[in-house]
Amino acid sequence: MKSERRVAGRKAVEGILISDLTAITNYAVIAKAGRIVNASTSGFLLEIERKDLVPKSLRENLNLESLLGQHVALYLPQMNLDLDGSVTRATHMGKGRFVVGVDFSYEVPEYWRACLVDLLPMPGEMS
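Let us look at the structure shown here.

## Here's the deal with the pattern of salt bridges
Phase 1: Tallying each qualifying case throughout the model produces 6 salt bridges.
Phase 2: Two residues, Glu47 and Arg35, come together in a salt bridge whose shortest N-O distance is 2.7 Å. Here the residue Glu47 occupies a position in strand E3 (residues 43-49), and Arg35 occupies one in strand E2 (residues 28-39), the gap between them amounting to 12 residues.
Phase 3: Classification of Arg35 by relative accessible area gives partly exposed; the value is 32%.
Phase 4: Between Lys51 and Asp52 there is a salt bridge, with its nearest N and O atoms 3.5 Å apart.
Phase 5: Given the relative accessible area of 61%, Lys51 is considered exposed.
Phase 6: A residue is classified by how much of its surface remains accessible, and Asp52, at 10% relative accessible area, is buried.
Phase 7: Residues joined in a network through salt bridges with shared partners are Arg35, Glu47, Glu49 and Arg97.

## Some remarks on the packing of aromatic side chains
Phase 1: This structure, assessed with the given rule, holds 1 aromatic pair.
Phase 2: The interplanar angle of 65° and the centroid separation of 5.3 Å between the aromatic rings of Phe44 and Phe104 together place this pair among those described as edge-to-face. Within this pair, whereas Phe44 is found in strand E3, its partner Phe104 is found in strand E6 (residues 97-104), the two being separated by 60 residues in sequence. Comparing Phe44 with Phe104, the two get one shared label, buried.

## Considerations on the pairing of E6
Phase 1: Across the 8 residues of E6, 7 count as buried, placing the element largely inside the fold.
Phase 2: Here E3 pairs with E6 via 7 bridges, running antiparallel. Of the residues in E6, the one forming a bridge with Ile48 is Phe98.
Phase 3: As judged from the 8 bridges shared by strand E5 (residues 81-94) and E6, these two strands associate in the antiparallel manner. When the bridges of E6 are listed, Thr91 appears paired with Val99.
Phase 4: Count of turn residues in the E5/E6 antiparallel hairpin: 2 residues, of which Lys95 carries a positive phi of about 55°.

## Concerning the sheet that holds E3
Phase 1: With antiparallel pairing, 6 strands are arranged side by side around a closed barrel as E1-E2-E3-E6-E5-E4. For this sheet, the mean inter-axis angle between neighbouring strands, taken without regard to orientation, is 45°.
Phase 2: Across the sheet, helix H2 (residues 110-119) is in contact with strand E1 (11-23), E2, E5 and E6; its angle to E5 comes to roughly 60°.

## Remarks on the nonpolar core
Phase 1: Formed by 30 residues in total, the largest nonpolar core has its most connected members in Leu21, Ile36, Phe44, Leu46 and Leu83.
Phase 2: Contributing elements (two or more residues each) for this core: E1, E2, E3, strand E4 (71-76), E5, E6 and H2.
Phase 3: Here this core takes 5 residues from E1, the largest share from any one element.
Phase 4: Apart from residues no more than four positions distant in its own chain, Phe44 is found in contact with Arg10, Ile36, Asn38, Ala39, Leu74, Leu83, Val100, Gly101, Val102 and Phe104.

## Here we look at H2
Phase 1: Within H2, the full set of buried residues consists of Arg113, Leu116 and Val117. Along H2, the residues classed as buried sweep out an arc of 95° about the axis, all on the same side. Facing away from the buried side of H2 by more than 90 degrees, the exposed set consists of Tyr111, Asp118 and Leu119.
Phase 2: Those residues of H2 that are buried lie in contact with E1, E2, E5 and E6.

About the criteria used
- Residues numbered from 1 in each chain as written.
- Predicted model: local features only at pLDDT ≥ 70, side-chain atom pairs only at ≥ 80, totals over all residues.
- Heavy atoms only, no water.
- Salt bridge = Lys/Arg side-chain N within 4 Å of Asp/Glu carboxyl O.
- Helix = DSSP H or I, 4+ residues; strand = E, 2+ residues; numbered from the N terminus.
- Buried < 20%, exposed > 50% of the residue type's maximum accessible area, 1.4 Å probe, protein only.
- Phe/Tyr/Trp six-rings, centres within 6.5 Å; stacked < 30°, edge-to-face > 60°.
- Pairing = 2+ DSSP bridges.
- Axes fitted to C-alpha atoms, helices over the stretch in contact; angles between N-to-C directions.
- Contact = heavy atoms within 4.5 Å.
- Core = buried A, V, L, I, M, F, W, Y, C linked by side-chain atoms within 4.5 Å.
- Arc of directions from axis to C-beta.

Below, the structure is given as structure tokens:
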């Protein structure tokens, strides 16, 4: 299955905390914590520390490619909001830090995604 590439302007964000990154197919928690570091109307980029990965197989491996294509959900405690989408990339950046790209589900309306991105604080905005 070939995925459609959506192009949207990215916005660096303050580092919005997330909790319970969960695979929808089996409701298994992938990571107990992380943060959104940039976002656009097509998706967002998560930063996850190795210690926050729940499955032992992921913590012991520097490769999260098994997550590619998975439909996931996560919770933003600061906004009391659930988000879902599909994992489009997962890369080890070194020193136990991973970045995971997630595209919003197609069911999420464009105007809602645009409003969410506008609400996310830019770096230094909350200081």
